[in-house]
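# Close look at the chain arrangement
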Amino acid sequence: MSITTDAPTGAAYTEGTIIDAPGGYTGVEPTQEWADEVLALAKQRNATILAHNYQLPAIQDIAHHVGDSLALSRIAAEVDSDEIIFCGVHFMAETAKILSPDKRVMIPDERAGCSLADSITADELRAWKAEYPDAVVVSYVNTTAEVKGLTDICCTSSNAVDVVASIDPNREVLFLPDQFLGAHVKRETGRDNIYIWAGECHVHAGINGDELADQASSHPDADLFIHPECGCATSALYLAGEGAVPADKVKILSTGGMLDAARETRAKQVLVATEIGMLHQLRKAAPGVDFQAVNDRASCPYMKMITPAALLRCLREGKDEVDVAPDVAERARKSVQRMIEIGNPGSGE
């Protein structure tokens, strides 16, 4: 890959063929020259680059801010930038647009969807609400803008229990879309009038209890960091309840909660049940701890569509812009704001 300096800004620009492939844009490696061009273009465009914790390490390392989707969307609303480049999946960029209606929001590859967000549509939610007309709708932030617009209160994985607990105990609750997070909320609140949508993140659901049990048995001194979206979350609590794993070693945590726990843990090794991109930030937060994935195949293909080539294309060409209809954004903004007013919005996922 050769370098030229014929750009008007005088910055070094990477020459390379960006290839549009079904699994994402390829053809560019994350070299120093690539990093220089990305940062030069971001400065030229007055753009802030945001990267989710599940992104490729090179994308996390080049971003101005790294975090969970809600925290990044709130940063997007606060920064003094004309453009927001959201390196994540599509619903995350939508949330940033909802909270930053006057800024141009782009995602490096608009094909980066989400199996969890796609597990319920606006029409399906309308039909479900019609069955329970007096119920309060609580939606995880991992949903589309249209679904948020039909929601009473949004929640994050770290405050879902608090959000549901704040609702009149006599009111029915429709919780969506993640069945594993919903089961965690039902278990913690003890509500019998909460109805849970049968959606899931295919990556988190694929981290199963048998794998967790095997890993825990092989690493008896390790702490367990378990995301509540995981199929193994119930198994983790069962292992603790049966005494197979010390209860104080099992921690059900959001991504932000994992980072906080990483900085505080006294364990030499931690088994992590979530998308493997999270390991990069955990290892940076606590370099003296050995973080290992419960399932090292738990990689989201949608997250990994935000490649170095995709980010470069986005900054060069101003693509792909994400927009949300003003009326949908206004309704969705209210559901997010109600969550924030309850307090402790915590981490997005």
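In the block above lies the structure referred to throughout.
Below, the structure is looked at part by part. (Residues numbered from 1 in each chain as written. Predicted model: local features only at pLDDT ≥ 70, side-chain atom pairs only at ≥ 80, totals over all residues. Heavy atoms only, no water.)

Attention now goes to the pairing of strand 5 (residues 47–52). Among the six residues in strand 5, six count as buried, and that is most of the element. The alternating pattern of strand 5 places Ala47, Ile49 and Ala51 and Thr48, Leu50 and His52 on opposite faces, both of which are buried. With five bridges connecting them, strand 5 and strand 7 (residues 83–87) associate as parallel partners. Each residue of the ladder has a partner; that of threonine 48, found in strand 7, is isoleucine 84. Where strand 5 meets strand 6 (residues 65–67), three bridges bridge the pair, whose relative direction is parallel. Directly across from leucine 50, in strand 6, lies its bridge partner histidine 65. Between strand 5 and its parallel partner strand 6, the chain crosses via helix 2 (residues 57–62), and the hand of that crossover is right-handed. (Buried < 20%, exposed > 50% of the residue type's maximum accessible area, 1.4 Å probe, protein only. Helix = DSSP H or I, 4+ residues; strand = E, 2+ residues; numbered from the N terminus. Pairing = 2+ DSSP bridges. Right-handed = clockwise from strand over helix to strand, strands pointing away.)

Here the focus is the packing of aromatic side chains. Counted under the stated rule, the structure contains three aromatic pairs. Over the ring of tyrosine 25 we find arginine 111; its NZ or CZ atom is 4.9 Å from the centre of that ring. (Phe/Tyr/Trp six-rings, centres within 6.5 Å; stacked < 30°, edge-to-face > 60°. Lys NZ or Arg CZ within 6 Å of the ring centre and 35° of its normal.)

Below, the discussion takes up the side chain of glutamine 60. On the secondary structure map, glutamine 60 appears in helix 2. In terms of polar contacts, glutamine 60 uses its side chain to reach the backbone carbonyl oxygen of glycine 277, at 3.3 Å. Once residues within four sequence positions are removed from consideration, glutamine 60 is found in contact with Ala51, His52, Asn53, Tyr54, Gln55, Val66, Gly277, His280 and Gln281. (Polar contact = N/O pair within 3.5 Å; in protein donor to acceptor, adjacent residues only side chain to side chain. Contact = heavy atoms within 4.5 Å.)

Attention now goes to the side chain of asparagine 193. Mapped onto the elements of the fold, asparagine 193 is located in the loop between helix 8 (179–189) and strand 12 (194–196). What makes asparagine 193 buried here is its relative accessible area of 12%. Of note is the side chain of asparagine 193, whose polar atom sits 2.9 Å from the backbone oxygen of arginine 171. Discounting residues that sit within four places of it in the chain, asparagine 193 has contacts with Pro169, Asn170, Arg171, Glu172 and Val173.

With that settled, the discussion passes to the environment of cysteine 230. Tracing the backbone shows cysteine 230 in the loop between strand 13 (223–226) and helix 11 (233–241). Linking cysteine 230 and glutamate 83, residues 147 residues apart in sequence, is a C-alpha distance of 34 Å. Contact partners of cysteine 230, with chain neighbours within four places excluded, come to Phe180, His204, Ile207, Ala273 and Thr274.

Our focus in this paragraph is the nonpolar core. With 106 residues, the main nonpolar core has Trp34, Val138, Phe175, Ile226, Phe291 and Leu311 as its most contacted residues. Setting aside residues no more than four positions away along its own chain, valine 138 makes contact with Thr151, Ile153, Cys155, Val163, Val164, Ile167, Val173, Leu174, Phe175 and Leu176. Counting eleven residues, the second-largest nonpolar core is a separate cluster that includes Ile120, Ala122, Val137 and Leu150. (Core = buried A, V, L, I, M, F, W, Y, C linked by side-chain atoms within 4.5 Å.)

Okay, the environment of alanine 286 next. Summarising the element assignment, alanine 286 is placed in the loop between helix 13 (278–285) and strand 16 (290–293). Looking at alanine 286, the relative accessible area reads 9%, which means it is buried. Sequence-wise, alanine 286 and histidine 204 are 82 residues apart; in three dimensions their C-alpha atoms are separated by 23 Å. With near-sequence residues (within four places) excluded, alanine 286 lies in contact with Ala262 and Phe291.

On to helix 3 (residues 69–78), then. All buried positions along helix 3 are accounted for by Ser69, Leu70, Leu72, Ser73 and Ala76. The buried side chains of helix 3 occupy one side of the element, clustering within an arc of 160° when seen end-on. Packing partners of the buried residues in helix 3 comprise strand 5, strand 6, strand 7, helix 4 (90–99) and helix 15 (326–342). Its side-chain oxygen 3.2 Å from the backbone nitrogen of leucine 70, aspartate 68 forms the N-cap of helix 3. (Arc of directions from axis to C-beta.)

On to the pairing of strand 15 (residues 269–273). Moving residue by residue along a regular strand, the side chains alternate between the two faces of the sheet. Among the five residues in strand 15, five count as buried, and that is most of the element. Burial along strand 15 is two-sided: Gln269, Leu271 and Ala273 facing one way and Val270 and Val272 facing the other are all buried. Of the pairings in the sheet, the one linking strand 15 to strand 16 comprises four bridges and is parallel in character. For valine 272, the partnering residue across the bridge sits in strand 16 and is alanine 293. For the segment spanning strand 15, helix 13 and strand 16, crossover handedness is right-handed.

What follows covers unusual backbone geometry. Note that the residue after leucine 176, namely proline 177, is joined by a cis bond; omega there is -5°. Mapped onto the secondary structure, proline 177 falls in the loop between strand 11 (173–176) and helix 8. Residue aspartate 320 follows lysine 319 across a cis peptide bond; omega there is 5°. Looking at the element boundaries, aspartate 320 is found in the loop between helix 14 (308–317) and strand 17 (321–322). The residue asparagine 46 is not glycine, and still its phi comes out positive at about 50°. For asparagine 46, the location among the structural elements is in the loop between helix 1 (32–45) and strand 5. Owing to a relative accessible area of 31%, asparagine 46 belongs among the partly exposed residues under this scheme.

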